[in-house]
Amino acid sequence: RAKENGKSDIVLFSSEMRSFALQKLQLENDLRRAIAGHEFVLHYQPQVEIESGKIIGMEALIRWNHPMKGSISPGDFIPYAEQSGLIVAISEWVLLEACQQNKAWQDAGLPKVPISVNLSSRQFLQHNLKNKVNEVLRHTGLAPQYLELEITEGMTMDVDHAIASLVELKQLGVQVSIDDFGTGYSSLSYLKKFPVDRLKIDRSFVRDIMDDPSDAAIVATIISITRHLNLKVIAEGVETEEQLSFLHRNQCHEVQGYWFSPPLNAEKMGTLLGRITCRASQHVEV
Ligand code: C2E
Ligand code: MG
Ligand code: MG
Ligand code: MG
């Protein structure tokens, strides 16, 4: 923590901190065991075109089925996985599993839609990322246009590296999006230089869209930027019909959120994909 804040590398251990350190160690051990013991599972959240109600994509989201603690959400273990470096092994599993699952759905005759995978910072920094992604695509047989990689603005701080990496990834034919858009510090002038396909408007702006005029303005502005830069746009965290119609009025035609569906296990996602459309006026019951 102290190091993260950039203040000092020297940490005096209080008993409270010692127990914190022990907890961290325990978590790291658990994570190691989880990787070996296949305790991770992917859930899938549909992305929907408002007008047609069609599923136009889905995002793979990791869950950890801890033998003692039950299902743990990524926010509670990804940061430790990043710190310990275990994220690399976990991320490789996520990428493979997501591509394999998407290919299996396609082979079963279900509609072909892209699957979005969240990249970790470490992954994005790896010099051989392009080769690893290419290897997974070849191994699974998934066509590159059906894989989307999500990065966050934080990963683009080293602008030259980000551009170089993104150019390489785009050469493979995969899609790239910027996740949680609006929460970071990416300058609009760089946005123009990043070869990305889509912005995902962060759900913190969508949440208060109806009550907070600044959030409404931010969302409308992001949408308009994507139009001018010829990028696709999707809103995250859409929970209500009011939010849906605000977005629609403001020309954002694609949404992801509890209004349509929470993340689903593979079986339920497969069932949902099998339906032609999910009705735009009604959230999904699976
Ligand atoms: P994210 O990529 O922005 O994913 C969207 C998060 O919002 C998911 O949380 C999803 O369950 C949640 N969400 C979706 N719709 C709604 C809604 O209508 N309302 C609310 N309140 N929440 C909604 P989740 O699955 O807990 O994931 C949290 C974050 O963990 C993700 O944010 C992503 O940054 C990270 N993450 C998830 N899976 C992976 C992974 O496989 N690898 C890496 N590196 N990070 C992951
Ligand atoms: Mg994401
Ligand atoms: Mg997000
Ligand atoms: Mg996120």
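Residue numbering note: each chain is counted from 1, following its sequence as written. A letter from A marks each chain and a number from 1 marks each ligand, given out in the order of writing. Two thresholds apply to this predicted model, a pLDDT of at least 70 for residue-level local features and 80 or more for giving and counting side-chain atom pairs, whereas whole-chain, interface and lining totals are computed over all residues. Side-chain calculation: all heavy atoms of the structure are included, whereas hydrogens and water are not.

## Some details on the side chain of Arg-63
Formally: Secondary structure elements follow DSSP: runs of H or I no shorter than four residues count as helices, runs of E no shorter than two count as strands, and numbering proceeds from the N terminus. Burial classification: accessible surface area is computed with a 1.4 Å probe over protein chains only, and a residue below 20% of its type maximum counts as buried, one above 50% as exposed, and the rest as partly exposed. Only four residue types enter the tally: Lys and Arg on the positive side, Asp and Glu on the negative side, with His and both chain ends excluded. The salt bridge criterion pairs a side-chain nitrogen of Lys or Arg with a carboxyl oxygen of Asp or Glu, the two atoms within 4 Å. Here a residue-residue contact requires only that any non-hydrogen atoms of the pair lie within 4.5 Å.
With respect to the helices and strands, the residue Arg-63 is situated in strand S2 (residues 55-66). Buried within the structure, Arg-63 lacks any salt-bridge partner; its nearest side chain of opposite charge belongs to Glu-59, at an N-O separation of 8.8 Å. Aside from chain neighbours lying at most four places away, what touches Arg-63 is Glu-39, Phe-40, Val-41, His-43, Ser-71, Ile-72, Pro-74 and Pro-263.

## Focus: the coordination of the magnesium ion (ligand 3)
We apply this condition: Any nitrogen, oxygen or sulfur atom within 2.8 Å of a metal ion counts as a donor, with the limit raised to 3.2 Å for Na, K and Ca, and since water is left out, coordination shells can look unfinished.
Distances from the magnesium ion (ligand 3) to its protein donors, Asp-179 (OD), Asp-180 (OD), Glu-236 (OE) and Glu-236 (OE), fall within 2.0 to 2.4 Å. Spacing between the donor residues of the magnesium ion (ligand 3) along their common chain follows D-D-x55-E. Exposure remark for Glu-236: the relative accessible area of 12% places this residue in the buried category.

## Things to note about the pairing of strand S5 (residues 147-152)
The criterion, for reference: Pairing between strands is defined by DSSP: at least two bridges between the two strands are required. Seen with its strands pointing away from the viewer, a crossover is right-handed when the path leading from the first strand over the helix to the second is clockwise.
Among the six residues in S5, five count as buried, and that is most of the element. Where strand S4 (residues 115-118) meets S5, four bridges bridge the pair, whose relative direction is parallel. When the sheet's bridge partners are listed, Asn-118 is paired in S5 with Glu-150. Sheet topology note: the S5/strand S6 (residues 175-181) ladder contains five bridges and is parallel. Paired with Thr-152 across the bridge in S6 is Asp-179. Once the chain exits S5 it traverses helix H6 (residues 159-172) before rejoining the sheet at S6, and the crossover so formed is right-handed.

## Overview of the pattern of salt bridges
Under the counting rule described, the total for this entry stands at 13 salt bridges. Between Asp-107 and Lys-103 there is a salt bridge, with the nearest N and O atoms lying 2.8 Å from each other. Of this pair, Asp-107 and Lys-103 both sit in helix H3 (residues 87-107), four residues apart, roughly one helical turn. Within this structure, Asp-30, Arg-33, Glu-39 and Lys-69 form a network of salt bridges that share partners.

## Overview of H6
This is how the line gets drawn: A helix is expected to span 1.5 Å multiplied by its residue count minus one. Taking the helix axis as origin, the arc is that swept by the directions to the C-beta atoms.
The end-to-end C-alpha distance of H6 is 20 Å, a good match for the 20 Å that 14 residues give at a rise of 1.5 Å each. Among the residues of H6, those classed as buried are Val-159, Ala-162, Ser-165, Leu-166, Leu-169 and Leu-172. For H6, the arc enclosing every buried residue in end-on projection is 135°, short of the 170-degree limit, so these residues lie on one face. Turned more than 90 degrees off the buried face of H6, the exposed positions are Asp-160 and Gln-171. Buried residues in H6 make contact with helix H4 (121-125), helix H5 (129-140), S5, S6 and helix H7 (188-191). The first or second residue beyond H6 is Gly-173, which carries a positive phi of 95°.

## Quick look at the site of ligand 1
Selection criterion: If a single non-hydrogen atom of a residue is within 4 Å of a molecule or strand, that residue counts as near it. Two N or O atoms count as a polar contact when they lie within 3.5 Å, although within protein this holds only if one can serve as hydrogen donor and the other as acceptor, and sequence-adjacent residues are included solely when both atoms are side-chain atoms. Residue-level accessible areas treat just the shown protein chains as cover; the underlying method is Shrake-Rupley with a 1.4 Å probe.
Lining the immediate surroundings of ligand 1 are 22 residues, of which Arg-63, Asp-179, Arg-203, Glu-239 and Tyr-258 lie closest. With respect to ligand 1, the side chain of Glu-59 contributes an N or O atom lying 2.9 Å from an oxygen atom. The contact in question runs from an oxygen atom of ligand 1 to an N or O atom on the side chain of Arg-63, over 2.8 Å. Within the complex, the protein chains bury 83% of what would otherwise be the 800 Å² of accessible surface of ligand 1. Of all the secondary structure elements, the ones that give two or more residues to the shell around ligand 1 are S2 and S6.

## Quick notes on the environment of Ile-163
Along the chain, the position of Ile-163 falls in helix H6. Each C-alpha atom of the pair Ile-163 and Val-196 lies 9.6 Å from the other, and the pair is 33 residues apart in sequence. When sequence neighbours within four positions are dropped, the list of residues in contact with Ile-163 reads Lys-193 and Phe-194.

## Considering the nonpolar core
Our working definition: Take the buried Ala, Val, Leu, Ile, Met, Phe, Trp, Tyr and Cys residues and link them wherever side-chain atoms come within 4.5 Å; each set so joined is a nonpolar core.
One finds Leu-31, Phe-124, Val-133, Leu-147, Leu-149, Leu-169 and Leu-247 to be the most contacted residues of the largest nonpolar core, which totals 78 residues. The element contributing the most residues to this core is H3, with seven residues. Setting aside anything within four residues of it in sequence, one finds Leu-169 in contact with Phe-124, Leu-129, Lys-130, Val-133, Leu-149, Val-174 and Val-176.

## A look at the side chain of His-66
Structurally, His-66 can be placed in strand S2. Within polar-contact distance, the side chain of His-66 engages the side chain of Asp-30 at 2.7 Å. Contact partners of His-66, with chain neighbours within four places excluded, come to Asp-30, Arg-33, Glu-39 and Ile-72.

## Considerations on the packing of H5 against H6
Heads up, the rule is: An axis is simply a line fitted to the C-alpha atoms; with a helix, the fit covers only the stretch in contact. Between two such axes, the angle follows the N-to-C directions and lies from 0 to 180 degrees. Here is the rule for angles: anything less than 35 degrees is roughly parallel, anything more than 145 is roughly antiparallel, 65 through 115 is roughly perpendicular, and the remaining ranges are oblique. Two helices crossing with the near one rotated counterclockwise from the far one by less than a right angle form a left-handed crossing, whereas a clockwise rotation gives a right-handed crossing. Lys, Arg, Asp and Glu make up the charged group, whereas Ala, Val, Leu, Ile, Met, Phe, Trp, Tyr, Cys and Pro make up the nonpolar group; the residues left over, Gly among them, are polar.
At a minimum axis separation of 9 Å, H5 and H6 run at an interaxial angle of 20°. In terms of their interaxial angle, H5 and H6 are classed as roughly parallel. Viewed along their axes, H5 and H6 form a crossing whose handedness is right-handed. Touching Leu-129, Lys-130, Val-133 and Asn-134 of H5 are Glu-168, Leu-169, Gln-171 and Leu-172, all from H6. In terms of residue class, the contact of H5 with H6 is built from four nonpolar, two polar and two charged.

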